[in-house]
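Here's the letter readout for the chains.
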Amino acid sequence: MEIAPPCVPISPSDVGYTLVTQFSANRLWMMGHHCMRWGTSNPVSVAVLTDMSVASVTQELLNAGCSSDQLTVQTLPKSNFELSNYPVNLLRNMALSAVKTTHVMFIDVDFWTSSNLHEVLNMTLVRKEFARDPKLAGVVPAFQMNGWCKESDKDISCRMELTEEMPRDVPKLLTLMMQGDASMFDASNYHGHGSTSFGLWLLQRSGDFFFLPCIKSHRYEPYLAFRYCQELPPFQEQFTGYGKNKMTFIMQLRRSGYDFAQLGGVFLVHYPHRQSEARKAWEKVPNELKKKANRDQGEKRASKLMGTKQWPSKERQSVDWSATTRGQVDHLFLEFERWLESEVPNGARVLMCDMGGDEMILWVNG
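These numbers come from a predicted model, not from an experiment. For every chain, the first residue of the written sequence is number 1, and numbering continues from 1 onward in sequence order. This being a predicted model, a pLDDT of at least 70 is required before a residue's local features are given, and a value of 80 or more before pairs of side-chain atoms are given or counted; all residues contribute to the totals for chains, interfaces and linings. Water and hydrogen atoms were dropped before computing side-chain values, which therefore reflect all heavy atoms in the structure.

Visitor: Can you walk me through helix α1 (residues 30–38) in this structure?
Guide: For the α-helix, the turn length of 3.6 residues means that residues three or four positions removed from each other point alike. Only protein chains enter the accessibility calculation, which uses a 1.4 Å probe; a residue whose area is less than 20% of its type maximum is buried, one above 50% is exposed, and one in between is partly exposed. Secondary structure elements follow DSSP: runs of H or I of four or more residues count as helices, runs of E of two or more count as strands, with numbering from the N terminus. Counted residue by residue, α1 has 7 buried out of 9 residues, so it is predominantly covered. For α1, the complete set of buried residues consists of Met30, Met31, Gly32, His34, Cys35, Arg37 and Trp38. Contacts are assigned to residue pairs with any non-hydrogen atoms lying within 4.5 Å of each other. In this structure, the buried residues of α1 make contact with β1 (17–24), β2 (44–49), α2 (54–64), β4 (103–106), β5 (111–113) and α4 (117–121).

Okay, here's the thing in structure tokens:
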């Protein structure tokens, strides 16, 4: 990133971290929990899609429990964007641009940190690794809550129940997992977090790194701690709304020579919520094929089938994919993939595992 500081050598004592995230105004309340878990004396940089002023957003964050000393707040006018076209990567780059520490912990606001994350990141051995390698990406494993209510904006009783149960430490998380009330995040989309070794994480000590031997899918999209300096690629801002906005960042990190190592003793846990407007737009099935889907499969099942070869090619060729959100995103992805291969020299230190099939999820062809 051109606006970032140069990637000069640093010592372990120089290493510091800023929690970086983005969200719309209806998720403001979550930041109180983030500030308390991260620590109210530790830096936080947020970018918010809202028509509220920076002063108003800051005051709401202070009311939620954050500290004025830790906050850097930027806003982007909500009125300039459609709900289904949420400018997620523009907001991520905005939040990164305000970072003053050597490193960041990158999350989405609905992934809550364990309360010891900042402490573990500051362990001597962890700081040594981050100081030694400016292209170390520290993977923090992500989990999800199972069988809990999914809060709507006005469902306060659900919010109270969930916030009480969201685990803050490993023993609580393990208890929920043994009860079936928590698990690895989005196991149905194994490629998304499947390169993280959750079984090994259970055996890792706090602050231990396990370097991933390979990455199983281009769809891998973990949450990371990494150095903020000029060699860091930006998030690709052409990706808006839902779909491929994080995985393209991870793909560019890997090709640019980043090493990936999961960190023991810490975690993120997803706060369950209803589908966003961006996700609904992504899931929408083209009318030409929706009517051909088996009625007992439903639209969600049809959406999954669309990226496979189970649909007859004649029917697929009759669809105007450019009229679908997912088709548009897939087209952008193919353009990004071609750009990445032609413009970014392959300095990958982590190889891809021998697992094919990623191209089959696309709704468009190269």
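Visitor: Got a minute to help me understand the sheet that holds strand β13 (residues 268–270) in this structure?
Guide: Two modes of strand pairing occur in sheets, parallel and antiparallel, and in both the strands are linked by backbone hydrogen bonds. When DSSP finds two or more bridges between two strands, those strands count as paired. Across the sheet, 4 strands lie side by side as β5-β13-β7-β8; this open sheet has mixed pairing. The sheet is open, and its two edges are formed by β5 and β8 (182–184), each paired on a single side. Taking each pair of neighbouring strands and ignoring which way they run, the sheet shows an average axis angle of 35°. Relative to β8, strand β7 (residues 142–145) runs antiparallel, the two sharing 3 bridges. When the bridges of β8 are listed, Phe143 appears paired with Met184. Angles run from 0 to 180 degrees between N-to-C directions of axes, and those axes are lines fitted to C-alpha atoms, restricted for helices to the stretch in contact.

Visitor: I would appreciate a short explanation of the pairing of β2 in the present structure.
Guide: On a regular strand, one side chain projects to one face of the sheet and the next to the other, so that they alternate. For β2, a buried count of 6 out of 6 residues is recorded, marking the element as mostly surrounded by other parts of the structure. As paired strands, β1 and β2 are joined by 6 bridges and run parallel to one another. By the bridge assignment for β2, Leu19 is matched with Val44. Each parallel crossover has a hand, and the one from β1 via α1 to β2 is right-handed. In this structure, β2 lies alongside strand β3 (residues 71–76), joined through 6 bridges in parallel fashion. Residue pairing across strands places Val48 opposite Thr75, the latter belonging to β3. The handedness of a crossover follows from its direction of travel: if, with the strands pointing away from the viewer, the path from the first strand over the helix to the second runs clockwise, the crossover is right-handed. Note on the crossover from β2 through α2 to β3: the handedness is right-handed.

Visitor: What am I meant to see in the side chain of Gln22 here?
Guide: Along the polypeptide, Gln22 turns up in strand β1. Pairs of N or O atoms within 3.5 Å make up the polar contacts considered here, provided that, within protein, one atom can donate a hydrogen while the other can accept it, and that residues adjacent in sequence are counted only when both atoms are side-chain atoms. Among the polar contacts listed, one links the side chain of Gln22 to the side chain of Tyr86, at a separation of 2.5 Å. Reaching out from Gln22, the side chain makes a polar contact with the side chain of Asp108 at a distance of 3.0 Å. Once residues lying within four places of it in the same chain are set aside, the contact partners of Gln22 are Ala47, Tyr86, Val88, Leu91, Arg92, Asp108 and Val109.

Visitor: How should the pattern of salt bridges be read in this particular structure?
Guide: Charged atoms that come close allow side chains of opposite charge to pair. Salt bridges are defined as contacts in which a side-chain nitrogen from Lys or Arg sits within 4 Å of a carboxyl oxygen from Asp or Glu. Using the criterion set out here, one finds 10 salt bridges in the structure. Glu231 is the salt-bridge partner of Lys135, the closest N and O atoms lying 3.5 Å from each other. Here Glu231 lies in the loop between β11 (223–227) and α10 (247–255) and Lys135 lies in the loop between α5 (124–132) and β6 (136–140), a separation of 96 residues in the sequence. Three or more residues are tied together by salt bridges with common partners; here these are Arg92, Asp108, Glu221 and Lys246.

Visitor: Explanation requested: the nonpolar core in the structure shown.
Guide: If you look at soluble globular proteins, the nonpolar side chains tend to sit buried side by side. To qualify as a nonpolar core, a set must consist of buried Ala, Val, Leu, Ile, Met, Phe, Trp, Tyr and Cys residues joined through side-chain atoms within 4.5 Å. Met31, Leu61, Met105, Leu121 and Phe260 are the most contacted members of the largest nonpolar core, which has 86 residues in total. Discounting chain neighbours no more than four positions away, the residues touching Met31 are Thr21, Phe23, Val44, Val46, Leu61, Cys66 and Val109.

Visitor: Even after reading the chapter, I still don't get the state of the cysteines, so can you show me in this structure?
Guide: Disulfides are covalent bonds that connect the sulfur atoms of two cysteines. Note on terminology: disulfide denotes any pair of cysteine sulfur atoms within 2.5 Å. In total, this model carries 3 disulfides according to the counting rule given. Here Cys35 connects covalently by a disulfide to Cys66, the sulfurs 2.0 Å from one another. Handedness of the Cys35-Cys66 disulfide follows from its S-S torsion of about 85°: it is right-handed. Highlighted residues: Cys35 in helix α1 and Cys66 in the loop between α2 and β3, separated in sequence by 31 residues. Residues Cys35 and Cys66 agree in their burial class; the two are buried.

Visitor: Teacher, can you tell me more about the packing of aromatic side chains here?
Guide: To describe a pair of aromatic rings, one takes the distance between the centres and the angle between the planes. Aromatic pairs are defined between Phe, Tyr and Trp rings, using the six-membered ring for Trp, whenever the two ring centres lie within 6.5 Å; interplanar angles under 30 degrees are classed as stacked, those over 60 as edge-to-face, and all others as tilted. A full pass over the atoms with the stated rule returns 18 aromatic pairs. Considering the side-chain rings of Phe111 and Tyr223, the 4.6 Å spacing of their centres and the 40° angle between planes classify their relative orientation as tilted. Here Tyr223 lies in strand β11 and Phe111 lies in strand β5, a separation of 112 residues in the sequence. Residue class for Phe111 comes out buried when judged on its relative accessible area of 4%. With relative accessibility at 2%, the residue Tyr223 sits in the buried group. Considering the side-chain rings of Phe130 and Phe209, the 5.8 Å spacing of their centres and the 80° angle between planes classify their relative orientation as edge-to-face. With Phe130 in helix α5 and Phe209 in strand β9 (residues 209–211), the pair connects residues that are 79 residues apart, well separated along the chain. No difference in accessibility class separates Phe130 from Phe209, as the two residues are buried. One aromatic cluster is present, formed by Phe106, Phe111, Phe185, Tyr223, Phe226, Phe235 and Phe249 through successive ring pairs. Definition used: whenever NZ (Lys) or CZ (Arg) falls within 6 Å of the ring centre and also within 35 degrees of the ring normal, the charge is taken to sit over that ring. The side chain of Arg159 reaches across the aromatic face of Trp29, ending 3.9 Å from its centre. The aromatic ring of Phe333 is capped on one face by Lys244, whose charged end is 5.8 Å from the ring centroid.

Remember that the coordinates give geometry; whether it matters functionally is a separate question.
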